[in-house]
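Observations on the model geometry
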Amino acid sequence: MNKNIAIITGASSGIGRAFLEEISKEHGAYGCVPFEEIWAVARHVEKIVETKALLGDERIVPVKADVSSGEDMNMIADRLASEKPQVGLLINCAGMGVKGLVGEHPSKALEDTINVNCTSLAKLTRLCLPYMISQKTLWTADNSPRIINIASSAGFLPQPGFAAYAASKAFVISFSRALHYELSACNIVVTAVCPGPVRTDFQRRATGGVQSEFTGFRKHVVADPVKLVKAAIKASRKGKQILVYGFSQKALHVCSKIFPTSWILSIEKNMMPASSVAFKAEEEGKDLNAGPVPETMNTEETKQDENGGN
Ligand SMILES: NC(=O)c1ccc[n+]([C@@H]2O[C@H](COP(=O)([O-])OP(=O)(O)OC[C@H]3O[C@@H](n4cnc5c(N)ncnc54)[C@H](OP(=O)(O)O)[C@@H]3O)[C@@H](O)[C@H]2O)c1
């Protein structure tokens, strides 16, 4: 039988790293076949090498890839084609966002947001499907392959000041839910995970280093990445198509279904940022998705927004 593997993108940091740690603990508990390899994908692969050493788990295979690069995606496709594994679990966690007004965004920031959050997620899923479906006669509903896509509660509603990110996460939710039904005949479970703010490096990156902590209402509802990941794995095991994590995000989800979007948007409009962090970062020549950034930007000049989820 072909080796059974898990693939986790965004494994170098935050939620993806927490998934890597959690899945590494599961020697056979996830489904019935233990993962023989865990492909951990990110650009800053040295951080994955560190995690691997820390966990002492030889099954972790660091894969250096920029998921928005066609070349790197081809490298993953070639690797799958030559090794022909059974992909038992795919976790699409790589993601980014840039806070600020669209009109002031560097266009590359918009492009990167869509490429990393939407295009690469859909592409990698499509790439993996043949390696998930191929051995379907071996599965029961309990041990069948899983796909976990990290969306966000930001995807429930349009979000002025974080427009492309919210729209990209709406794509992830819609794509995942449709795929859940498409793949139900093969017993493959697709779960869209929708957290609100989570304690990771995300906020710092999204604000070009201006803010590393959540502010306003959101600082009271920040989730712990490890707890989120445990809940996501549980939801996936139970065959759930969506996990909205935390009471406040569940309430937001219900509101987004009940109240007209235009009402909610008129409230959001009053909370829009006065200027764009992204614009300032571009002026300073920063690559907004390059990873951890130094805290050198002028926070006095850059009034940062406090609205919306992540
Ligand atoms: N933190 C939150 O408040 C929050 C809330 C809801 C949803 N989410 C979602 O959760 C996911 C994980 O974010 P996080 O909070 O853990 O943030 P994070 O700590 O900044 O981690 C982001 C991960 O994505 C990877 N990544 C970004 N661009 C990439 C690219 N072009 N190619 C390959 N990997 C890339 C990063 O790896 P490298 O930089 O090493 O490539 C990193 O491992 C994202 O999809 C995010 O939208 C986060």
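Report on the accompanying structure. Quick caveat, the model's predicted, so the values are computed rather than measured.

**Describing the overall build of the protein chain**
Summing up its helical and strand segments, the protein chain has ten helices and seven strands in all. Residues counted as buried form 45% of the 310 residues belonging to the protein chain. In the protein chain, the proportion of contacts linking residues at least 24 apart, taken out of those at least 6 apart, comes to 76%.

**Let's talk about the nonpolar core**
For soluble globular proteins, nonpolar side chains are generally found buried alongside one another. With 61 residues, the main nonpolar core has Ile7, Ile8, Phe19, Ile38, Ala40, Val41 and Val193 as its most contacted residues. With near-sequence residues (within four places) excluded, Ile38 lies in contact with Ile5, Ala6, Ile8, Leu20, Ile23, Ser24, Arg59, Ile60 and Val61. If you look at the next biggest cluster of nonpolar residues, it comprises five residues, including Ala154, Phe162, Ala164 and Tyr165.

**A look at the site of the ligand**
In the neighbourhood of the ligand, 30 residues make up the surrounding shell, with Gly10, Gly14, Arg43, His44 and Gly95 lying closest. Where the shell around the ligand is concerned, the elements lending two or more residues are helix 1 (14-25) and helix 6 (202-206). Tallying contributions element by element places helix 1 first for the shell around the ligand, with three residues.

**Re the pairing of strand 2 (residues 37-42)**
The buried fraction of strand 2 amounts to five of the six residues, a majority that puts the element mostly inside the structure. Relative to strand 2, strand 1 (residues 4-9) is paired through five bridges, and the arrangement is parallel. Following the sheet pairing, Ile7 is matched in strand 2 by Trp39. Pairing analysis gives five bridges linking strand 2 to strand 3 (residues 60-64), with the strands arranged parallel. By the bridge assignment for strand 3, Ala42 is matched with Lys64. Once you follow strand 2 into helix 2 (residues 45-55) and on to strand 3, the crossover reads as right-handed.

**Focus: the sheet that holds strand 3**
The sheet built from seven strands is open, its strands ordered 3-2-1-4-5-6-7 with parallel pairing. The outermost strands of the open sheet, each flanked by one partner alone, are strand 3 and strand 7 (242-244). Direction aside, neighbouring strands of the sheet carry axes that sit 20 degrees apart on average. Against the sheet, helix 2 engages strand 2 and strand 3, with an angle of about 175 degrees to strand 3. Helix 7 (residues 225-237) contacts strand 5 (146-150), strand 6 (189-194) and strand 7 of the sheet and is inclined by roughly 150 degrees relative to strand 6.

**A few points about the packing of helix 4 (residues 107-133) against helix 5 (residues 163-182)**
Helix 5 packs onto helix 4 with a crossing angle of 10 degrees between their chain directions and a minimal axis gap of 9 Å. Taken together, the axes of helix 4 and helix 5 are roughly parallel relative to one another. For the pair formed by helix 4 and helix 5, the contact residues are Leu110, Thr113, Ile114, Asn117, Cys118, Leu121 and Ala122 on the first element and Ala164, Tyr165, Ser168, Lys169, Phe171, Val172 and Phe175 on the second. Split into classes, the residues belonging to the contact of helix 4 with helix 5 amount to ten nonpolar, three polar and one charged.

**Comments concerning unusual backbone geometry**
Phi at Lys84 takes a positive value of approximately 45 degrees, unusual for a residue other than glycine. With respect to the helices, strands and loops of the structure, Lys84 is situated in the loop between helix 3 (70-83) and strand 4 (86-92). Lys84 gets classed as exposed once you count the C-beta atoms within 10 Å, which come to 11. Phi at Asn187 is positive, roughly 65 degrees, even though this residue is not glycine. Mapped onto the fold, Asn187 is located in the loop between helix 5 and strand 6.

Here is what the cut-offs are and how they apply
Counting restarts for each chain, with residues numbered from 1 along the sequence as it is written. Totals for whole chains, interfaces and linings use all residues, but because this is a predicted model, local features are given only for residues with pLDDT of at least 70 and pairs of side-chain atoms are given and counted only at 80 or more. Only DSSP runs of H or I covering at least 4 residues are called helices, and only runs of E covering at least 2 are called strands; the numbering of each starts at the N terminus. Every C-beta atom is placed from the backbone, and the number of other C-beta atoms within 10 Å of a residue's own sets its class: buried at 20 or more, exposed at 12 or fewer, partly exposed in between. What counts as a contact is two residues whose backbone-derived C-beta atoms lie within 7 Å of each other. Residues enter a nonpolar core if they are buried, belong to Ala, Val, Leu, Ile, Met, Phe, Trp, Tyr or Cys, and are joined to the set through C-beta atoms within 7 Å. As used in this record, a residue near a molecule or strand is one whose C-beta atom, placed from the backbone, is within 6 Å of it. In this scheme, strands are said to pair when DSSP sees at least two bridges between them. Note on handedness: a crossover is taken as right-handed if, strands pointing away from the viewer, the path from the first strand over the helix to the second is clockwise. Note on geometry: axes are lines fitted to C-alpha atoms, helical ones only across the stretch in contact, with angles between N-to-C directions running from 0 to 180 degrees. The scheme is simple: roughly parallel for angles under 35 degrees, roughly antiparallel for over 145, roughly perpendicular for 65 to 115, oblique for anything else. As a working rule, the residues Ala, Val, Leu, Ile, Met, Phe, Trp, Tyr, Cys and Pro are called nonpolar, Asp, Glu, Lys and Arg charged, and the rest polar, with Gly in that last group.

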